[in-house]
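Coordinate analysis (summary)
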Amino acid sequence: YSNALSSTIITVGKIVSNPNDTVDVPLYLSQNTGLCAVALTIEYDKALLLTRINKGSAFTNFSMTITGGDLKPNPCKILFDSTNEVDTNGLLATLRFNTPPGDGLYNISVSYSNGDIVNGDPTPVSVVIKNGCISVMSDVTEIAIGDKTLYLPESTETGNRLYVAYYTDEDKMSSLKTYSLNNESITADADPTASYAKVFYWTNNFAPLCISQLVVL
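This report concerns the structure included in the present document. (Residues numbered from 1 in each chain as written. Predicted model: local features only at pLDDT ≥ 70, side-chain atom pairs only at ≥ 80, totals over all residues. Heavy atoms only, no water.)

**Description of the packing of aromatic side chains**
- Tallied over the entire structure, the rule returns eight aromatic pairs.
- The interplanar angle of 55° and the centroid separation of 4.7 Å between the aromatic rings of Tyr28 and Tyr196 together place this pair among those described as tilted. Taken together, the positions of Tyr28 in strand S3 (residues 22–30) and Tyr196 in strand S18 (residues 196–202) put the pair 168 residues apart, joining distant regions of the chain.
- Each ring, one from Tyr44 and one from Phe97, has its centre 5.2 Å from the other, and the planes form 70°; the classification is edge-to-face. Taken together, the positions of Tyr44 in strand S4 (residues 35–44) and Phe97 in strand S8 (residues 90–98) put the pair 53 residues apart, joining distant regions of the chain.
- Judged by relative accessible area, which is 9%, Tyr44 ranks as buried.
- Taken together, the aromatic side chains of Tyr28, Tyr167 and Tyr196 make up a single cluster linked through ring pairs.
- One residue, Lys198, lies across the ring of Tyr167, its end atom 5.2 Å from the ring centre. (Phe/Tyr/Trp six-rings, centres within 6.5 Å; stacked < 30°, edge-to-face > 60°. Helix = DSSP H or I, 4+ residues; strand = E, 2+ residues; numbered from the N terminus. Buried < 20%, exposed > 50% of the residue type's maximum accessible area, 1.4 Å probe, protein only. Lys NZ or Arg CZ within 6 Å of the ring centre and 35° of its normal.)

This is the structure we're talking about:
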């Protein structure tokens, strides 16, 4: 359930990975209008294996409960709750998956029912959900940003460039950096003022080549 007129957003990361790899997919919270409890249902392609869910920094004082204490059901449900409402943004959780041996696009979705997400009143809150995926590819370019590593599809076209757009907790762009695609691996400069970054390729005609990846810094 989602409402495009609401301002609170939960974004599931879109990740590129090698086959037979272990990857962390972020759940990112932005434009938080004030939340006290959040129950989310997570569903994912049956070719993926969910092995762990780690609580992020957005809900420092919240408890996180996996319904039944078991990650095996697909879909599974997680609950974040506290006695106090908070309006902080940032990393809600990371979902750790083992990827399959074959290349392909494997979807990950998050959903909720009316009343699953409430503020401190408590009143139900409508949240916009942006679902994500893992793209498993044998040929990728490794990109390092600080201590984070991610992958994008290999791009061999002359003139294509890597763009890294950095954003603050308030979802305002703090800087934009570009890099040429001359190597199988690229090290991007970190922005100490940023909370997350969007990473993507553009052609020399300023057309996007791939879906941007969100990286929590």
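Picking up where we left off.
**Some remarks on the pattern of salt bridges**
- Tallying each qualifying case throughout the model produces two salt bridges.
- Here Arg96 and Asp24 are joined by a salt bridge, their closest N and O atoms 2.7 Å apart. Note that Arg96 is positioned in strand S8 and Asp24 in strand S3, a separation of 72 residues in sequence.
- By relative accessible area, which is 35% here, Asp24 ends up partly exposed.
- For Asp116, the salt bridge is made with Lys77, and the minimal N-O distance between the two is 3.7 Å. Here Asp116, found in the loop between strand S9 (104–111) and strand S10 (117–118), pairs with Lys77, found in strand S7 (residues 76–86); they are 39 residues apart in sequence, far enough to count as distant. (Salt bridge = Lys/Arg side-chain N within 4 Å of Asp/Glu carboxyl O.)

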